Amino acid sequence: MSVLEIKNLHVSVADKEILKGLNLTISSNETIALLGPNGNGKSTLLQTIMGNPNYKITKGQILLDNKDITSLEVDERSKLGIFLGMQYPSEVPGVNNADFLKASLNAHREKPVSLFEFYKLLNNAYDRVSIPFEMSNRNLNEGFSGGEKKKNEILQMLILNPTFVMLDEIDSGLDVDAIQIVASVIKEKQDGNKGFLIVSHYARLYDLINVDKAVVLVNGKVATTGGRELIKKIDSEGYEWIKKELGIEIEKETTMNQVSIGSCATKEALKGQK
Ligand SMILES: Nc1ncnc2c1ncn2[C@@H]1O[C@H](COP(=O)(O)OP(=O)(O)O)[C@@H](O)[C@H]1O
Ligand SMILES: [Mg+2]
């Protein structure tokens, strides 16, 4: 079993401190649901774990099996088995999707994959996420719909087979059928040999997969942890109770945030605005 440990992490983006002493441990046999109001640092945490250089670690450490990986480059972390399915996957014109996937896979192997083996893997992966195989010939994410971009992230996960999978709002932009597909792939991969850190605003995704722990991130720190009941509470009540019950004042509260905190909560918030 592998363990990813985040210790007292402080991270700044564009000279503003976003993560303010965050502690979290993920084992390679558990799934953590990461929730929290918008703008509180969820994506920052995932990007920092992956090693995005725009996110500056000013204090604290990231350890993988007790080895300090805080200063490793993105590709080195990827080779150690860490993967991030991004909230906003970039379009990369001029880079063929299949070539990109083959290059990524080869970067993780000592010997390059044979063409036969690669196409078998690729075919299976396309099949699994229900995207037509012809899309492997298109440029990476270029002109893809929101749902196709998200499914393409899952496809990369299937090809690379990482130990730690971080998925950032993988379900946003997906229709109900696509959510079912993505959730069934996640569930299939929850075989006890992978750790998942999954950010979503919606209980409907978490309902379809295994969840060991729910963690709520507020103001760049873990505010509270719990189980499925915590996800349910957020889905129906939003985050209002954080202040009342935990005495934590959420620093950012805009109309935008209220509208995207949870499905039922969203309906309630919208009612109030009419
Ligand atoms: N690349 C960036 N440049 C400037 N500010 C950023 C960048 N990434 C994140 N931030 C800021 O960091 C804060 C936390 O954002 P984020 O981690 O995306 O929150 P969440 O994923 O919880 O919604 C926000 O105020 C956001 O504007
Ligand atoms: Mg985010």
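Per chain, residues are indexed from 1 in the order of the written sequence. Labels follow written order: the first chain is A, the first ligand is 1, and so on. With pLDDT at 70 or above as the cut-off, local features in this predicted model cover only qualifying residues; side-chain atom pairs require 80 or more to be listed or tallied, and sums for whole chains, interfaces and linings still use all residues.

A. Representation of the overall build of the chain. Looking only at helices and strands, the chain features eleven helices and ten strands. For 274 residues, the compact-globule estimate of 2.2 N^0.38 gives 19 Å, and the C-alpha radius of gyration of the chain, at 19 Å, lies within 12% of that figure. Principal-axis analysis of the C-alpha atoms places the extent of the chain at approximately 60 × 45 × 35 Å. Working definition of a contact: two residues with C-beta atoms, positioned from the backbone, lying within 7 Å. Put simply, of all contacts in the chain between residues at least 6 apart along the chain, 71% involve residues at least 24 apart. Secondary structure elements are defined from DSSP: runs of H or I of at least 4 residues count as helices, runs of E of at least 2 residues count as strands, and each element is numbered from the N terminus. Each radius of gyration reported is based on C-alpha atoms, and the globular scaling rule is 2.2 Å times the count of residues to the power 0.38.

B. Quick look at the site of ligand 1. Surveying the vicinity of ligand 1 reveals the residues Val-13, Ala-14, Ile-18, Gly-36, Asn-38, Gly-39, Asn-40, Gly-41, Lys-42, Ser-43, Thr-44 and Asn-54. Gly is placed with the polar residues, together with every amino acid not listed as nonpolar (Ala, Val, Leu, Ile, Met, Phe, Trp, Tyr, Cys and Pro) or charged (Asp, Glu, Lys and Arg). Looking at the shell around ligand 1 residue by residue, the class counts come to three nonpolar, eight polar and one charged. For each residue, a C-beta atom is placed from the backbone, and the residue is labelled near a molecule or strand when this atom is within 6 Å of it.

C. Summary view of the sheet that holds strand S10 (residues 221-226). On the basis of which strands lie adjacent, the open sheet formed by six strands has the order S6-S7-S8-S3-S9-S10 and mixed pairing. Because the sheet does not close on itself, it has two edges, and the strands there are strand S6 (82-85) and S10. For this sheet, the mean angle separating the axes of adjacent strands, direction not counted, is 20°. A strand pair is defined by DSSP finding two or more bridges across the two strands. Pairing of strand S9 (residues 213-218) with S10, which is carried by five bridges, proceeds in the antiparallel orientation. The residue of S10 that forms the bridge with Ala-214 is Gly-226. Each axis is a line fitted through C-alpha atoms, taken for helices only over the stretch in contact, and angles between the N-to-C directions span 0 to 180 degrees. Along the sheet, helix H5 (residues 146-160) makes contact with S6 and strand S7 (164-168), crossing S6 at roughly 165°.

D. The packing of helix H3 (residues 97-107) against H5, seen in detail. Viewed as axis vectors pointing N to C, H3 and H5 meet at an angle of 35°, and their least axial separation amounts to 10 Å. H5 is crossed by H3, and the crossing has right-handed handedness. Contact with H3, carried on its side by Leu-101, Ser-104 and Leu-105, involves Gln-156, Ile-159 and Leu-160 of H5 and no other residues of that element. When the residues that make up the contact of H3 with H5 are grouped by side-chain class, the tally is four nonpolar, two polar and no charged. Each crossing gets its hand from how the near helix is turned against the far one by less than a right angle, where anticlockwise is left-handed and clockwise is right-handed.

E. Structural detail: the confidence of the model for the chain. Averaged over all residues, the pLDDT of the chain is 91; the fraction at 70 or higher stands at 92%. pLDDT runs from 0 to 100 and stands for how confident the predictor is about each residue. A low-confidence stretch, residues 253-274 stays under pLDDT 50, and its non-local contacts, those more than four residues away or across chains, total 33 contacts.

F. How the structure looks around the nonpolar core. Among the nonpolar cores identified, the biggest contains 61 residues, and Ala-33, Leu-34, Met-166, Val-182 and Leu-197 are the most heavily contacted of them. When near neighbours in sequence (up to four residues on either side) are disregarded, Met-166 contacts Leu-46, Ile-49, Phe-83, Leu-84, Gly-85 and Leu-197. As used throughout, a nonpolar core is a set of buried Ala, Val, Leu, Ile, Met, Phe, Trp, Tyr and Cys residues joined through C-beta atoms within 7 Å of each other. Think of it as a crowd count around each C-beta: if 20 or more other C-beta atoms lie within 10 Å the residue is buried, if 12 or fewer it is exposed, and in between it is partly exposed, with C-beta placed from the backbone throughout.

G. Up close: helix H8 (residues 228-237). Listed as buried for H8 are Ile-231, Ile-234 and Asp-235. Down the axis of H8, the smallest arc covering the buried residues is 100°, so these residues share one side. Among the residues trailing H8, Gly-238 stands out with phi positive, at a value near 75°. Starting at the helix axis, one direction is taken to each C-beta atom, and the arc is that of these directions.

H. Just unusual backbone geometry, in detail. The phi angle at Ala-14 is positive, at roughly 45°, despite the residue not being glycine. Along the polypeptide, Ala-14 turns up in the loop between strand S1 (3-13) and strand S2 (16-27). With 8 C-beta atoms counted inside 10 Å, the residue Ala-14 sits in the exposed group. Look at Asp-15: it is not a glycine, yet its phi comes out positive at around 65°. Locating Asp-15 in the fold gives a position in the loop between S1 and S2.

I. Geometry of the sheet that holds S2. Strand order in the open sheet formed by four strands is S2-S1-S4-S5, and the pairing between neighbours is antiparallel. Looking at which strands have only one partner, the edges of the open sheet turn out to be S2 and strand S5 (67-68). Pairing geometry for S1 and S2, over nine bridges, is antiparallel. Bridge pairing links Val-11 to Leu-19 in S2.

J. How the structure looks around the packing of helix H4 (residues 115-129) against H5. The contact between H4 and H5 brings their axes to 9 Å, and the two run at 140°. By the criterion of interaxial angle, the relationship of H4 to H5 is oblique. For the pair H4 and H5, the crossing hand works out as right-handed. Contacts from Leu-121, Ala-125, Tyr-126, Arg-128 and Val-129 in H4 reach Lys-151, Ile-154, Leu-155, Leu-158 and Ile-159 in H5. Residue classes in the contact of H4 with H5 are distributed as eight nonpolar, no polar and two charged. Orientation is classified from the angle alone, with under 35 degrees giving roughly parallel, over 145 giving roughly antiparallel, 65 to 115 giving roughly perpendicular, and any other angle giving oblique.

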